[in-house]
Amino acid sequence: MTEQRVPVEDRTRFLERKEFKTARVLSLIGLVFLWELLARIGWVPRLFLPAPSAVVGEAVEMVASGELFRYLGSSLLRLALGFAIGALAGIVVGMAVGFSSLAEAVVMPVIAATFPIPKIALLPLLILWLGIGEPPKVAVIALGVFFPMAINSFTGVRNADPLLARAAVSFGAGRWSVIRKVMLPSALPMIFAGLKLGAGTALLLLVAAEMIGAESGIGFLILHAQNIMETTKLMVGIVVLSLLGVFSHWFLTWLERVAVPWKHT
Amino acid sequence: MRVVIERLSKTYQDRSGQSVEALQSIDLSVEEEEFLAIVGPSGCGKSTLLNIIAGLLTPSEGDVFFDGLRDGSHPPTAMVFQEFALFPWRTVLGNIEFGLEERGVAAGERHERAMRLVELVGLAGFEEKYPHQLSGGMRQRVGIARALAVDPAVLLMDEPFSALDAQTRQLLQIELLAIWERTRKTILYVTHNIQEAVFMADRVAVLSRRPGRLIAVVPVELKRPRSETMLGDARFLQTVDLIWGLIKADAEKALVSPEGG
C-alpha cells in the first residue's frame, strides 16, 4: 500500500486583500487622460467640457493676475471664521451636555429638534437678521459645523470609560480635573471625527451661501463664470474647491496625529 | 495607618427595583503595616467594600475611619484596579505623576518621585511609552507605581493580578511582597484566589456570598519574607484548605446562580 501524503493548504487565501498600488495611480491618470482626449478630438464642445490642460492654463493665468486669490481669500476667511466659531461652540456645548445631566435635559431636546433643519434654508432668515454682508454667511457655516461637533463631543464624553473617571477621583481629582484630564482626552478622537465631518459641511454651505448672495468667493466665481459662459473658469473654481476639501482633510488628519499621539504610536 | 470598618452595610437597587444586599454589617480593622487579604466567592461584595473605603461609593450604613487622620484634604488611600485603569493618553511617567499633579506637587519634584517609582517597579527605559505599548504585567506595574507615588497611608488593591496570566501573576506577587517589605504600607488586598491571599497576607478576611458577611478572619502563620518554596509548606496548605472549607458551599451556589458574579 503506498501512502499518499497531502500537505494542508491555507484555504483562506482568496480572502486576502492585496494592495494594487499601480492600479490606484493608473486609474486617476487614466481618467484625466481620457478627459483630455475627449476634449481634443472635439467630441464634446469646449463650452461644455474644457480640456484639463485648458483648465490648468486658466488657473495659472488667474494665479498670475491675482484674480484667484481675491476669490479664494474671501472664501477662506468665511470658512475659517464660521468653522472656528461653530467647532468651538459645538465642543463646549457637547461636552457640557455630556457631563451634566441637567444640561442634557435642557439642551438635548433643542438640538434634536433643530438638527434636521437643512442649514442653508436658514440663510434667508439669517440675512434678514444679520444684514447682507459677511455675518449671515459665517453664521450659516457656523451652524452647519456646530451640530456634528456638538453631537460628536457629546458622544465622546458619554463613551468615556467610567472606570477612568473613578480612577482619577480615587487619586484626588475634582470635577474640573476629571473634565479636563479624563473627559476631554477621551472625547478627542470623536471630536476629530466631528471636525472632519464639519469641514465637509462647511465647504458645502460656503459655496451655497456664496451662490445665493455674494459678490466674492469661489462660489460666486463659479456662478458668475457660468453666467458669462466661461466654462474653463468655472472648472477652475470646482478644482479649487476640491483641493480645499482635500487639504482641509489632510490638515485635520495631521492635527489629529499630533493631538492624539496615543492612538498612533 | 490603622483602618477601622464599623457595622458597614451596602444595599443596592438592581434594575428591576429590587434591593440587593451586597454587604451586611461588616466589622473589621486593619492594623498599621498589615497586609490584609479579603477573599470570597463571586458576588460577595469584596470590591464594594474596597470602593467604600476608597471613598468611591456611599455605604448604606456604618462608617470607615482612618485612625490618626486629622486632615481630610487628601484621600489617605490609593487604589490599584483589576483592569489597570491607566490613562491611555498619558505615558508611563504621566500616569505615575497623576496623583501628584492633583495634590499640587511641583513639576520638578513630581518627575523626581515618578522616576524613583519607575525604578522601584522595574520599568526603567519605558518612561515615555503609552499603556497600549506595554504588556499586561507592565501595565499593572504602572498601576502600582501610580498608587505608591502619592505615598498613601493605605494601599487598596482590587484583584490587581487577576487579569494577568498565571506566570506573570506569580512573578508580580513576589515583586509586590518585596515592595511591601521595603515600604511597609498597610495593604488591603481583594482577591478571589485563596492561594494568593494566603501566600501574601498576614491575615485573610473571609466573606460569604450575598449578602456579604464576614465569616472569619484567618491568621496566616507563615514567616516573612515569603518565598515560593512556602507554597508546598504544610501550614500554607492547611490554611488554604481551611478557607476553602469556609466558602466552598457559597462558591458552589454562585456557580448555578443566574446572576453569577
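Above this text is the structure in question.
The shown structure was predicted, so the numbers you read here are calculated from the model rather than taken from an experiment.

**Student:** Hey, could you run me through the interface of chain B and chain A in this one?
**Tutor:** Accessible area lost when the parts come together is the quantity often used to give the size of an interface. Facing the 24 residues of chain B at the interface are 19 residues of chain A. Surface buried jointly by chain B and chain A totals about 1900 Å² across both partners, of which 68% is contributed by carbon and sulfur atoms. Linking chain B to chain A there are 2 salt bridges. Across the pair Glu 101 of chain B and Lys 181 of chain A runs a salt bridge whose closest N-O atoms are separated by 2.8 Å. Counting every contact that joins chain B to chain A gives 6 residue pairs in polar contact (both at pLDDT 80 or more). Listed by contribution, the elements that provide at least two residues to the side of chain B that touches chain A are strand E5 (77-80), helix H2 (92-102) and helix H4 (136-149) of chain B.

**Student:** Just to check I follow, could you spell out the packing of aromatic side chains for this structure?
**Tutor:** For any pair of aromatic rings, geometry is given as the distance between the ring centres together with the angle between the planes. Here the structure, examined in full by the defined rule, presents 11 aromatic pairs over all chains. With 6.4 Å between their ring centres and 40° between their planes, Tyr 71 of chain A and Phe 220 of chain A make a pair best called tilted. Here the residue Tyr 71 of chain A occupies a position in helix H3 (residues 67-99), and Phe 220 of chain A occupies one in helix H9 (residues 218-227), the gap between them amounting to 149 residues. Like Phe 220 of chain A, Tyr 71 of chain A is buried. For the ring pair Trp 262 of chain A and Trp 89 of chain B, a centre distance of 5.9 Å and an interplane angle of 65° mean the geometry is edge-to-face. Taken together, the residues span two chains, with Trp 262 of chain A in the segment after helix H10 (231-259) and Trp 89 of chain B in the loop between E5 and H2.

Conventions used here
- Residues numbered from 1 in each chain as written.
- Chains lettered and ligands numbered in written order.
- Predicted model: local features only at pLDDT ≥ 70, side-chain atom pairs only at ≥ 80, totals over all residues.
- Heavy atoms only, no water.
- Contact = heavy atoms within 4.5 Å.
- Buried area = accessible area lost by both parts, 1.4 Å probe.
- Salt bridge = Lys/Arg side-chain N within 4 Å of Asp/Glu carboxyl O.
- Polar contact = N/O pair within 3.5 Å; in protein donor to acceptor, adjacent residues only side chain to side chain.
- Helix = DSSP H or I, 4+ residues; strand = E, 2+ residues; numbered from the N terminus.
- Phe/Tyr/Trp six-rings, centres within 6.5 Å; stacked < 30°, edge-to-face > 60°.
- Buried < 20%, exposed > 50% of the residue type's maximum accessible area, 1.4 Å probe, protein only.

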